[in-house]
Amino acid sequence: MIQKLSTRLQVQLTLPGVDKLKKVSFANVIEEPAEVEVIKLGEIMAALDQNGTLLDGVIITSQSRVTKSQEEK
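What comes next is a walk through the structure. Please read these numbers as outputs of a predicted model, since none were measured by experiment.

1. A word on the overall build of the chain
Assigned secondary structure in the chain consists of one helix and three strands. Walking the chain from its N terminus toward its C terminus, one meets helices and strands in the order β-β-α-β. In terms of C-alpha radius of gyration, the chain reaches 17 Å, well past the compact-globule figure of 11 Å for 73 residues. Taking the principal axes of the C-alpha coordinates as reference, the chain spans close to 60 × 25 × 15 Å. Buried positions account for 22% of the 73 residues belonging to the chain. Pairs at least 24 residues apart make up 63% of the contacts formed inside the chain by residues separated by at least 6 positions. Approximately 5,700 Å² of the chain is accessible, and the part contributed by carbon and sulfur atoms is 51%. Measuring between centres, the 9 positive side-chain charges of the chain sit 10 Å from its 10 negative side-chain charges.

Below, the structure is given as structure tokens:
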């Protein structure tokens, strides 16, 4: 049996003059969010950061748990 546990988003931002990406995480978001909505969230986070911050991308992580059903045990 497959049980959905959680979906997380990690917005990755490029800061002016900084080599490493800035990462902002969101836990327990809806399952299978729409691509356009994920990008919109990333753009909002970039706009709220310092001037010159750009959206690099967003990582979606879904966790599921797989167990044997009672019938298979």
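What follows picks up the thread again.
2. Structural notes on the pattern of salt bridges
Following the criterion strictly, the structure yields two salt bridges and no others. A salt bridge links Glu 37 to Lys 40; its shortest N-O distance comes to 3.8 Å. One end of the pair, Glu 37, and the other, Lys 40, are both in helix H1 (residues 35-48), three residues apart, so they sit about a helical turn from each other. Here Glu 37 falls in the partly exposed class, since its relative accessible area comes to 44%.

3. Brief notes about the nonpolar core
Of all hydrophobic cores here, the largest spans five residues; its members are Val 11, Leu 13, Val 24, Met 45 and Ala 46. Elements with a contribution of two residues or more to this core: strand E1 (2-14) and H1. Residue contacts for Met 45: discarding those within four places in its chain leaves Val 11, Leu 13, Val 24 and Phe 26.

4. Observations concerning the environment of Gln 70
Tracing the chain through its elements places Gln 70 in the segment after strand E3 (54-66). Put simply, Gln 70 and Met 1 are 69 residues apart on the chain and 9.3 Å apart in space, counted from C-alpha to C-alpha.

Reading the values: rules and limits
- Residues numbered from 1 in each chain as written.
- Predicted model: local features only at pLDDT ≥ 70, side-chain atom pairs only at ≥ 80, totals over all residues.
- Heavy atoms only, no water.
- Helix = DSSP H or I, 4+ residues; strand = E, 2+ residues; numbered from the N terminus.
- Rg over C-alpha atoms; globule rule 2.2 N^0.38 Å.
- Buried < 20%, exposed > 50% of the residue type's maximum accessible area, 1.4 Å probe, protein only.
- Contact = heavy atoms within 4.5 Å.
- Areas by Shrake-Rupley, 256 points an atom, 1.4 Å probe, with all protein chains shown as cover.
- Lys, Arg positive; Asp, Glu negative; His and termini not counted.
- Charge placed at Lys NZ, Arg CZ, Asp CG, Glu CD.
- Salt bridge = Lys/Arg side-chain N within 4 Å of Asp/Glu carboxyl O.
- Core = buried A, V, L, I, M, F, W, Y, C linked by side-chain atoms within 4.5 Å.

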